[in-house]
Amino acid sequence: GWTNYLKFGLVYDTRDNEPAPTRGVWSEAIVETSNKLLGSDYAFSRVTVTDRRYYRILKNLVYANRVVFETMNGDVPFYEMSPFASSFKREEGLGGAKSVRGLPRNRFIGKTKLFANLELRWTMFRLQKWNQDFFVATNIFADIGRVWKENPTLTLKDFQLARGGGVRLGWNQNFIVAVDVGNSKEAPFALYIGLGYLY
């Protein structure tokens, strides 16, 4: 199928550092609409609300959390149910490196998604060499989420929980190599290698 859409949004950002924030907030609300006037084969809408918060607990210890809620209405094709929107780019979930680590990517899809990421980040040490700054950090996390096909209900039933930890190797705060390992009842061992923090 063919889907074209218009996208509108508002973003509020007070983070002290974009790649590795230690305090601040990043909240956004995104609305997407797709219809035949735009050349789409389907008529539907998507509303996504994301809230990210960062708290410095100690000098080298940061608590970070993200909550994402998304709901879709209309004639939604199945392949549009797996991505979730943001002001930066679309990511795939529920499950995988960008949503609930430890679940297989796109393990659960539905018109409505709700998931949260909770993370403790500890910078183990920093090193200055050759006029460059380097750091090594570790993190532990717990991710939880679920989807609904229709009409979400406020209950804890059927939420999927995953947990794990990782290592970050940073160079000048802007280049960060990331390795995470997640675990859930769906996948006992999930390895993710990439760049930067998840959020």
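Please refer to the structure higher up on the page.
Described below are features of the structure shown in this document.

What counts, and where the lines are drawn
- Residues numbered from 1 in each chain as written.
- Predicted model: local features only at pLDDT ≥ 70, side-chain atom pairs only at ≥ 80, totals over all residues.
- Heavy atoms only, no water.
- Helix = DSSP H or I, 4+ residues; strand = E, 2+ residues; numbered from the N terminus.
- Buried < 20%, exposed > 50% of the residue type's maximum accessible area, 1.4 Å probe, protein only.
- Phe/Tyr/Trp six-rings, centres within 6.5 Å; stacked < 30°, edge-to-face > 60°.
- Contact = heavy atoms within 4.5 Å.

Moving on, we come to unusual backbone geometry. Cis geometry marks the peptide bond from glycine 93 to leucine 94; its omega dihedral reads 25°. Locating leucine 94 in the fold gives a position in the loop between strand S6 (91–92) and strand S7 (112–129). Although it is not a glycine, tryptophan 130 sits at a positive phi angle of roughly 55°. By the secondary structure assignment, tryptophan 130 is in the loop between S7 and strand S8 (132–148). Judged by relative accessible area, which is 69%, tryptophan 130 ranks as exposed. Unusually for a residue other than glycine, asparagine 131 sits at a positive phi of about 60°. Mapping asparagine 131 onto the fold places it in the loop between S7 and S8. The class of asparagine 131 is exposed, set by a relative accessible area of 80%.

Below, the discussion takes up the packing of aromatic side chains. Evaluated as defined, the whole model comprises 8 aromatic pairs. Geometrically, the ring pair formed by phenylalanine 84 and phenylalanine 115 is edge-to-face, given 5.2 Å between the ring centres and 70° between the ring planes. With a gap of 31 residues between them, phenylalanine 84 in strand S5 (residues 83–84) and phenylalanine 115 in strand S7 connect regions that are remote in the sequence. According to the relative accessible area criterion, phenylalanine 115 is buried, its value standing at 2%. Judged by centre distance (6.2 Å) and plane angle (85°), the ring pair of tryptophan 148 and phenylalanine 159 falls under edge-to-face.

You can see alanine 43 is positioned in the loop between strand S2 (24–34) and strand S3 (44–58). What makes alanine 43 partly exposed here is its relative accessible area of 40%. Separated by 68 residues in the primary sequence, alanine 43 and lysine 111 place their C-alpha atoms 14 Å from one another. With residues near it in sequence (within four places) discarded, alanine 43 still touches Ser34, Asn35, Gly74 and Asp75.

Take it as geometry only, folks, not as evidence of what the structure does.
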